[in-house]
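This is what each chain is made of:
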Amino acid sequence: MKVLVINAGSSSLKYQFLDTSDGNVLAKGVCERIGEGEPAGSAARIQHKKNGVAYTENHPMSDHSEAMKIVIAYLTDSEKGVISSMDEIEAIGHRVVHGGPYFFESTLLTDEVFETLTKCVTFAPLHTPAHIMGIQGCLSVMPNTPEVLVFDTSFHQTMPEKAYMFGFSYDMYEKYSLRKYGAHGTSHRFVSIETAKALGRPIEETKIVTCHIGNGSSISAVKYGKCLDTSMGFTPLDGLLMGTRCGAVDASAVTFIMEKEGYTPEEMNDYMNKKCGLLGISGFSSDFRDIISAISSTEDTDEAKERKRRSGIALDMLAYEIQRYIGAYTAAMDGLDAISFAAGIAENNATLRRLVCSGLDWFGVKLDDDVNENGVHSPNPTLISAADSKVKVFVVPTNEELMIARDTEAIVKAL
Ligand code: AMP
């Protein structure tokens, strides 16, 4: 099935047009700066890619409906496009960041579903209005094409109460639905499915820890194909140290900093989300490649030496935290068959994978150092553990768009 996957942000709209039969991406791109400029939308542009050829053009787009019209015009263009008419788009799959306590699985868009989605604004105030605009944009251009919503949180809805509740008073949960929801669920689901396939076992019989380590990072315990626990919480700030996010900290440290620095709640939120993590510890970059190159730098200036020292701390913290989660989740699942590394950092950096696994010998994890360093190139899962490793370790290139397209296909085919 040919599916258009949409990831709408407040002023952007990313798209991938996929064929689910082989996972092939026929075309993809992004509309940026939607609604920006004077007059409104005059600063907008589209970047479109087909067969590795990139096209960038300025186009006024005052809202997501106009952006969708331009996307369709590109997809059906005789030179830049891949289809002759928009009727060839069989379905649309939307990435939705937060499904709150309402959505347990991917869902066909109906009036009632749309109504419920509006309630999710509370949980993701920046993202949900953007998703709504993206959906409305698609509806305005292709009112008869089925649309499916795929939520980043729904995979984590199988967590038991003991995993998703916080230790606040129960009325906070009752009044505000304050609990752990997790994030990156589409990636954790994709990676766990691919890992079970690579193990050659039904997922219902496996215990897997999936490590999605990128600019945003989270780890999940996937027991028998279902999420038992995950490191992200009420928002994507929880859990691991990330590019610019601090991850889990002592809650009292939050009020302490607010008092000392005179931060408002909004300023504190901004600080924890944008100025901490790898950036805050290293003091110069949130990009993991910069952290690694600072560590290997032989530059003799005081500044370079300080960057090297602090980048070393950031790398050690990240590896240590990943180890702690793997240890905790092995205990929570009462066993472990496989660990999978996914997303920008973990798919690409052998040093981090080595540091994480070198502390896990006791769990029966033994890396094949040569494969870990030199053998990870495939778009398919790569086994990087030694033949006699009790727990298998994989690098699994994540593919959230393909997962969204597959869910969309399954739901639309069943109509
Ligand atoms: P993601 O959020 O999954 O796109 O991941 C982004 C992160 O992956 C950034 O911190 C990048 O520095 C990191 N990254 C991307 N490519 C590499 C690479 N070849 N080696 C190390 N880190 C990488």
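Predicted, not measured: the structure shown is a model, and the values here were computed from it.

(A) How the structure looks around the site of the ligand. With respect to spatial proximity, the complete set of residues near the ligand consists of Gly214, Asn215, Asp287, Phe288, Arg289, Ala343, Gly344, Ile345 and Asn348. For the ligand, an oxygen atom lies 2.4 Å from a polar atom in the side chain of Asp287. One of the backbone N or O atoms of Gly344 is found 2.8 Å from an oxygen atom in the ligand. Within the complex, the protein chains bury 68% of what would otherwise be the 500 Å² of accessible surface of the ligand. Those elements that place two or more of their residues in the shell around the ligand are helix 10 (288-295) and helix 12 (343-348). The element that contributes the greatest number of residues to the shell around the ligand is helix 12, accounting for 4 residues. Class assignment of the residues belonging to the shell around the ligand gives a composition of 3 nonpolar, 4 polar and 2 charged.

(B) Structural detail: the nonpolar core. Counting residues in each nonpolar core, the largest one holds 36 residues, and the members touching the most others are Ile213, Ile322, Ile339 and Leu352. Broken down by secondary-structure element, the contributors of at least two residues to this core are strand 9 (207-213), strand 10 (217-223), helix 10, helix 11 (302-333), strand 12 (338-342), helix 12, helix 13 (350-358) and strand 14 (392-395). For this core, the leading source of residues is helix 11, giving 9 residues. Listed in part, the 27 residues of the second largest apolar core include Leu26, Cys31, Ala44 and Leu75.

(C) A look at the packing of aromatic side chains. In this structure the tally under the stated criterion is 10 aromatic pairs. Taking the centre distance of 5.6 Å and the plane angle of 55° together, the rings of Tyr325 and Tyr329 count as tilted. With Tyr325 and Tyr329 both in helix 11 and 4 residues apart, the pair spans about one turn of that helix. Across the pair, Tyr329 and Tyr325 agree in class, each one buried. Summarising the aromatic geometry, the rings of Trp362 and Phe363 are spaced 5.8 Å apart at their centres and angled 80° between planes, so their arrangement reads as edge-to-face. Among the aromatic side chains, those forming a connected cluster through ring pairs are Tyr102, Phe123, Tyr181 and Phe234.

Thresholds applied
- Residue positions are given per chain, counted from 1 along the sequence in the order it is written.
- Where totals are concerned, whole chains, interfaces and linings use all residues; where local detail is concerned, this predicted model gives features only for residues with pLDDT of at least 70, and gives and counts side-chain atom pairs only at 80 or more.
- To obtain the side-chain values, all non-hydrogen atoms of the structure were included, while hydrogens and water were left out.
- Distances are taken per atom, and a residue is near a molecule or strand as soon as one of its heavy atoms is within 4 Å of it.
- In the analysis that follows, any N or O atom pair within 3.5 Å is treated as a polar contact, provided that within protein one partner can donate a hydrogen and the other can accept it, and provided that, for residues neighboring in sequence, both atoms belong to side chains.
- The Shrake-Rupley method, run with a 1.4 Å probe sphere, supplies the accessible areas, and residue values consider only the shown protein chains as cover.
- A run of H or I in DSSP counts as a helix once it spans at least four residues, and a run of E counts as a strand once it spans at least two, with each numbered from the N terminus.
- Under the scheme applied, nonpolar residues are Ala, Val, Leu, Ile, Met, Phe, Trp, Tyr, Cys and Pro; charged residues are Asp, Glu, Lys and Arg; polar residues are all the others, including Gly.
- Working definition of a nonpolar core: buried Ala, Val, Leu, Ile, Met, Phe, Trp, Tyr and Cys residues. They are joined through side-chain atoms within 4.5 Å.
- Whether a residue is buried, partly exposed or exposed follows from its accessible area with a 1.4 Å probe, protein chains only, as a fraction of its type maximum: under 20%, in between, or over 50%, in that order.
- Ring geometry is summarised as follows: Phe, Tyr and Trp rings, the Trp one being its six-membered ring, pair when their centres sit within 6.5 Å, and such pairs are stacked at plane angles under 30 degrees, edge-to-face over 60 and tilted between the two.

The quantities given are spatial measurements derived from coordinates; they are silent on function.
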